[in-house]
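Chain and residue survey
Here is what each chain is made of, one letter per residue.
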Amino acid sequence: MIYIDNVYAQEVLDSRGNPTIKATIVLSDGVVESAIVPSGASTGKREALELRDGDKKRFLGKGVLKACENVDTIISDALIGASPYDQGLIDSLLKNLDGTHNYGNLGANATLGVSMAVARAAATSLNIPLYRYLGGSNALTLPVPMLNIINGGSHADNTVDFQEYMIMPIGFDSFHETLRASAEVYQHLKKILKDTNHITSIGDEGGFAPNLKNNAEPIEIILKAIEQAGYKPGEEIAIALDVASSELVDEKGLYHLAGENRTLDSAQLVEYYEQLCAKYPIVSIEDGLSEDDWEGWKILTQKLGSKIQLVGDDLFVTNHEILAHGIEQNIANAILIKPNQIGSVSETMQTVRLAQRNAYKCIMSHRSGESEDSFIADFAIALNTGEIKTGSTARSERMSKYNRLLQIEKEIANPYYLGKELFKQ
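Per an unreviewed UniProt entry, the chain carries the name Enolase and comes from Helicobacter fennelliae MRY12-0050. UniProt lists a comment for the chain under the heading Catalytic activity (unreviewed entry), and it reads "(2R)-2-phosphoglycerate = phosphoenolpyruvate + H2O". Under the UniProt heading Pathway (unreviewed entry), the entry covering the chain gives this text: "Carbohydrate degradation; glycolysis; pyruvate from D-glyceraldehyde 3-phosphate: step 4/5."

Set out below in structure tokens:
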């Protein structure tokens with residue numbers, strides 16, 4: 001019988017130069033596999049706990065030596081000798097070891113790193129791809145990407161309020177065609193910004209971070225880039241927004257659009273979105289209202305839920321219990337899936353299955369602090385999420401996911417790509 005022979009972790013750096021955990025699993029058959037945990041900048045307050053040391057003398061307090069020690073001692077002691085092939089049992093053991101609802105003792109960065117590494121080690125031991133191990137024979141859907149090509153909000157130091165302006169290539173029949181078109185739009189966008197004397201430095205996720213006059217101008221520039229690349233806006237490539245509105249709201253529940261010198265209540269912000277959607281080919285809005293503004297979310301869903309994709313990120317934090325409440329309240333129609341928000345592979349899968357059973361769309365997602373680890377590319381295929389959000393066509397920690405998806409597309413004999421069907425009414 002193959003069993004887990006060793007478990008350990010080390011402190012490594014993510015794409016922002018901050019510490020994160022790399023967990024390693026050694027199996028009795030000689031397999032050694034690791035996983036690196038990402039970290040977010042814009043985080044929901046109900047996310048699972050990311051354990052940091054708090055020692056200001058090391059990495060400004062962001063060290064993860066305590067979490068690594070938890071892997072090397074408590075988690076290692078519990079997992080050595082266990083079978084790596086029962087992911088649900090392993091993840092349940094991790095949850096019970098921690099004993100809190102949010103991994104407040106061990107840290108979700110510790111448990112997720114181990115959970116991912118176990119899955120990867122098991123797949124390697126069985127000599128099958130990770131997506132096939134986690135998803136079985138039905139893991140066939142290549143995801144439509146949401147590419148963040150202009151950054152604002154907490155992802156960039158500029159005058160743009162919305163955190164992400166994304167392109168969604170929805171008019172293509174294959175993933176590789178989608179990625180090529182997206183890369184071409186990105187390069188045309190860079191040229192347009194340069195020619196109009198805007199800065200072309202990039203934010204955490206590879207998008208450009210220019211100072212623009214309002215929150216609509218990025219959309220207009222992107223549409224121009226789509227056209228100059230030879231594609232049809234709205235038909236072949238559409239627009240998606242991540243407002244990250246929890247970053248914009250005050251204690252009174254009012255939303256401040258500092259870049260436009262405007263303050264709006266929930267209903268007024270929804271009306272603002274309606275105007276944008278009427279004018280531009282927007283197919284998706286993420287976190288259009290704050291994580292606590294459930295009444296505002298009801299208004300947003302009533303007004304736009306039948307027309308576009310409304311994605312809950314901070315709202316749901318990949319938590320199946322919170323999602324279940326949202327489904328009951330008829331709030332949003334899609335969920336962003338970030339494994340480090342919930343703390344294990346199995347709990348992530350549980351949330352995705354709940355969403356899919358209730359016709360909520362799922363978007364597998366990176367974090368702004370990423371690494372070369374491409375786990376989520378396989379995970380998106382395994383769960384047939386149909387969409388993935390992992391940055392622009394720049395920065396190697398983003399490209400590692402896209403390049404992995406290209407490889408998977410080659411491996412799958414008859415891959416299914418939603419493309420032209422994703423936003424059909």
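Additional details are given in the paragraphs that follow.
Okay, the packing of helix H5 (residues 175-195) against helix H13 (residues 396-411) next. Contact pair H5 / H13: the axes reach a minimum separation of 9 Å and the direction vectors enclose 150°. Classified by the angle their axes make, H5 and H13 are roughly antiparallel. Here the hand of the crossing between H5 and H13 comes out left-handed. Contacts between H5 and H13 involve Phe175, His176 and Leu179 from the first element and Tyr402, Leu405, Leu406 and Glu409 from the second. Each residue belonging to the contact of H5 with H13 can be placed in one class, and the counts come to five nonpolar, one polar and one charged.

The domain boundaries assigned to the chain delineate domain 1 (4-127) and domain 2 (141-421). Buried area between domain 1 and domain 2, summed over both chains or domains, comes out near 2600 Å², and the portion from carbon and sulfur atoms is 46%. Counting across the domain 1 and domain 2 interface gives six salt bridges. The interface formed by domain 1 and domain 2 contains 23 residue pairs in polar contact (both at pLDDT 80 or more). Put simply, the parts of the chain that give the side of domain 1 that touches domain 2 at least two residues each are strand S3 (32-36), helix H2 (87-98) and helix H3 (108-125). Tallying contributions element by element places H3 first for the side of domain 1 that touches domain 2, with seven residues. When grouped by side-chain class, the residues that make up the side of domain 1 that touches domain 2 number 11 nonpolar, 11 polar and eight charged.

Reading guide: rules and limits
- Residues numbered from 1 in each chain as written.
- Predicted model: local features only at pLDDT ≥ 70, side-chain atom pairs only at ≥ 80, totals over all residues.
- Heavy atoms only, no water.
- UniProt positions renumbered as here; feature names shortened; annotations may be inferred.
- Axes fitted to C-alpha atoms, helices over the stretch in contact; angles between N-to-C directions.
- Helix = DSSP H or I, 4+ residues; strand = E, 2+ residues; numbered from the N terminus.
- Parallel < 35°, antiparallel > 145°, perpendicular 65-115°, else oblique.
- Left-handed = near helix turned anticlockwise from the far one by under 90°.
- Contact = heavy atoms within 4.5 Å.
- Nonpolar A, V, L, I, M, F, W, Y, C, P; charged D, E, K, R; others polar.
- Domains from an automatic or database assignment.
- Buried area = accessible area lost by both parts, 1.4 Å probe.
- Salt bridge = Lys/Arg side-chain N within 4 Å of Asp/Glu carboxyl O.
- Polar contact = N/O pair within 3.5 Å; in protein donor to acceptor, adjacent residues only side chain to side chain.

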